Amino acid sequence: VKATGRNGFHFYRQEMQQQVTDRAAIEKALHSAIANDEFYLVYQPQVNKHGQLIGFEALLRWQSDELGLVAPNRFIAIAEEVGLIDEIGCWVLEDVCQQLKVWQEIGLPALFEGVAVNISPYQFAKDSFVDTVKAVIDSTQIDSSLLDLEITESMLVENIPSVAEKMWRLKEQGVRFSIDDFGTGYSSLRYLQHFPLNQLKVDQSFVRDLSNDLNSQVIVNTIVSMADHMNLSVLAEGVENAPEKDVLESIGCVRYQGYYFSEPVKSEVATRYLCDKVTF
Ligand code: C2E
Ligand code: CA
Ligand code: CA
Ligand code: CA
């Protein structure tokens, strides 16, 4: 509770009330969001140390008729709780693959590795997950290695055999895996060995103030050398300025994503980035 002073409790109650209303309104509106075509994806560039485009992360946007633009941090958790995330996640996968199909036909730059898609643990846990991904790849006929599935560390510490088995089945298809928000969860080297991973995404909390904070530098340095030994790429998230990028590069992290290069953009702009071979 942030509020203090004489009216603290009063403010707190108001805030709680607001949250309860929001939650109910969001839940209600979420049920018709797909049918009403209220979701769309934006794409945030991922770049190498020369600023060349190596990929995009697809990020979900919800333009609700009733609530306006609702940020994913406000609705993803609710969608997970009420059992809608699987349907939403399938929509995301399908939309990404259809977009990849279009881009594949236009012709992709040599350095372009593909599109990262956020996978909710609930979505991944479904028995049908592997088949769903395969079906989308088949129906869109995309090169499966263009798909980079972002999973979280927490998924890797629970039910290891079943998670690993699903990942290996998808790996056989050519699909790639990244660990999102790396460093914020519980995974250790021991856990990571079980899974067919391609990349660690360093969480933006370590990137922030990297230029002043020696602790973060040591952490990122450790992640980079560990990843090196395991043959994994490392991509830093949330890079917001040149000093951060410079420190990362000096530490040996050469893949980046963040506002310093580009914010997430609509698909038309992403297409232009690809066609014009824009550097950032
Ligand atoms: P995330 O996967 O860690 O995504 C990165 C978030 O950081 C995005 O927020 C992105 O817009 C934001 N960001 C990018 N560059 C910068 C930067 O330089 N500085 C700062 N401060 N932020 C930056 P967004 O789009 O609001 O998404 C928030 C979270 O919602 C995502 O975090 C992800 O966990 C979840 N999410 C988004 N799209 C999907 C989706 O399709 N499926 C699922 N399951 N979750 C999604
Ligand atoms: Ca649409
Ligand atoms: Ca992500
Ligand atoms: Ca992240």
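Residue positions within a chain follow its written sequence, with the count starting from 1. Here chains are named by letter from A upward and ligands by number from 1 upward, in the order in which they appear as written. Only residues with pLDDT of 70 or above have their local features reported here, since the model is predicted, and side-chain atom pairs are shown and tallied only from 80 upward, although totals for entire chains, interfaces and linings are computed over all residues. Heavy atoms from the whole structure form the basis of all side-chain values; hydrogens and water molecules are not counted.

## Details of helix H2 (residues 72-81)
Every buried residue of H2 is accounted for by Phe75, Ile78, Ala79 and Glu80. One or two positions beyond H2, positive phi appears at Gly83, with a value near 80°. Accessibility here uses a 1.4 Å probe with only protein chains present; expressed as a share of the type maximum, an area under 20% marks a residue as buried, one over 50% as exposed, and anything in between as partly exposed. Going along the chain from the N terminus, every DSSP run of H or I of four or more residues is numbered as a helix, and every run of E of two or more is numbered as a strand.

## Concerning the pattern of salt bridges
In the sections that follow, a salt bridge refers to a side-chain nitrogen of Lys or Arg positioned within 4 Å of a carboxyl oxygen of Asp or Glu. For the coordinates displayed, the defined rule picks out 13 salt bridges. With a shortest N-O distance of 3.8 Å, Arg74 and Asp22 are connected by a salt bridge. One end of the pair, Arg74, is in helix H2; the other, Asp22, is in helix H1 (residues 8-30), and 52 residues separate them in sequence. The exposure class assigned to Arg74 is partly exposed, which follows from its relative accessible area of 41%. Lys201 is paired through a salt bridge with Glu57; the nearest N and O atoms lie 2.9 Å apart. Of the two residues, Lys201 is situated in strand E7 (residues 199-202) and Glu57 in strand E2 (residues 53-64); the sequence distance between them amounts to 144 residues.

## Quick look at the site of ligand 1
Neighbouring ligand 1 are 21 residues, the closest being Gln44, Arg61, Asn118, Glu240 and Tyr259. One of the side-chain N or O atoms of Asn118 is found 3.0 Å from an oxygen atom in ligand 1. Any pair of nitrogen or oxygen atoms within 3.5 Å is treated as a polar contact; in protein, a donor-acceptor pairing is required on top of that, and neighbouring residues in sequence qualify only through side-chain atoms on both sides. Gln204 has a polar side-chain atom sitting 3.2 Å from a nitrogen atom of ligand 1. Only the protein chains shown count as covering a residue, and every accessible area follows the Shrake-Rupley method with a 1.4 Å probe. Protein contact buries 82% of the 800 Å² of open area that ligand 1 shows by itself. Of all the secondary structure elements, the ones that give two or more residues to the shell around ligand 1 are E2, H2 and strand E6 (176-182). No other element matches E2, which puts four residues into the shell around ligand 1. Polarity classes work like this: nonpolar for Ala, Val, Leu, Ile, Met, Phe, Trp, Tyr, Cys and Pro, charged for Asp, Glu, Lys and Arg, and polar for all others, with Gly in that last group. Taken together, the residues that form the shell around ligand 1 break down as eight nonpolar, seven polar and six charged. We call a residue near a molecule or strand as soon as one heavy atom of that residue lies within 4 Å of the molecule or strand.

## Here's the deal with the coordination of the calcium ion (ligand 4)
Note: metal donors comprise N, O and S atoms at 2.8 Å or less from the metal (3.2 Å for Na, K and Ca); water molecules are not included, so apparent gaps in a site are possible. Looking at the calcium ion (ligand 4), one finds its protein donor set to be Asp180 (OD), Asp181 (OD), Glu237 (OE) and Glu237 (OE), positioned 2.3 to 2.5 Å from the metal centre. Taken as a pair, the calcium ion (ligand 4) and the calcium ion (ligand 3) lie 3.8 Å from each other and share Asp180 as a ligand. For Asp181, a relative accessible area of 28% puts it in the partly exposed group.

## Quick look at helix H12 (residues 267-275)
Every buried residue of H12 is accounted for by Ser267, Ala270, Thr271, Tyr273 and Leu274. Along H12, the residues classed as buried sweep out an arc of 160° about the axis, all on the same side. What makes two residues a contact is simply this: any of their non-hydrogen atoms within 4.5 Å. Next to the buried residues of H12 lie strand E1 (39-48), E2, helix H3 (85-106) and strand E10 (265-266). Positive backbone phi, approximately 45°, marks Lys277, located one or two places after H12. Think of it as the arc spanned by the lines of direction from the helix axis to the C-beta atoms.

## With respect to the pairing of strand E4 (residues 114-118)
Most of E4 sits out of view: four of its five residues are buried. Should DSSP find at least two bridges between two strands, the strands are regarded as paired. Here E2 pairs with E4 via four bridges, running parallel. Bridge assignment links Phe56 to a residue of E4, and that residue is Val115. By the bridge criterion, four bridges tie E4 to strand E5 (residues 147-152) in an arrangement that is parallel. In the strand pairing of E5, Ala116 is matched with Asp148.

## A word on the environment of His194
Structurally, His194 can be placed in the loop between helix H8 (189-192) and E7. In this structure the C-alpha to C-alpha distance between His194 and Glu244, which are 50 residues apart in sequence, comes to 32 Å. With sequence-adjacent residues up to four places away left out, His194 is seen in contact with Ile160, Ala164 and Trp168.

## So, the confidence of the model for the protein
For every residue, the predictor reports its confidence as pLDDT, a number between 0 and 100. Looking at the protein, the pLDDT average stands at 92 and 91% of residues meet or exceed 70. For the stretch residues 1-5, pLDDT sits under 50, and the model shows three contacts to residues farther than four places along the chain or on other chains.

## Here we look at the packing of aromatic side chains
Each Phe, Tyr or Trp ring (for Trp, its six-membered ring) is paired with any other whose centre lies within 6.5 Å, and the angle between the two planes then decides the class: stacked below 30 degrees, edge-to-face above 60, tilted in between. Under the counting rule described, the total for this entry stands at 12 aromatic pairs. Ring centres of Trp62 and Phe75 lie 5.3 Å apart, and the angle between their planes is 80°; this geometry places the pair in the edge-to-face category. Highlighted residues: Trp62 in strand E2 and Phe75 in helix H2, separated in sequence by 13 residues. On the basis of relative accessible area, Trp62 is assigned to the buried category, the value being 0%. Joined through ring pairs, the aromatic side chains of Phe39, Trp62, Phe75 and Trp91 make up one cluster.

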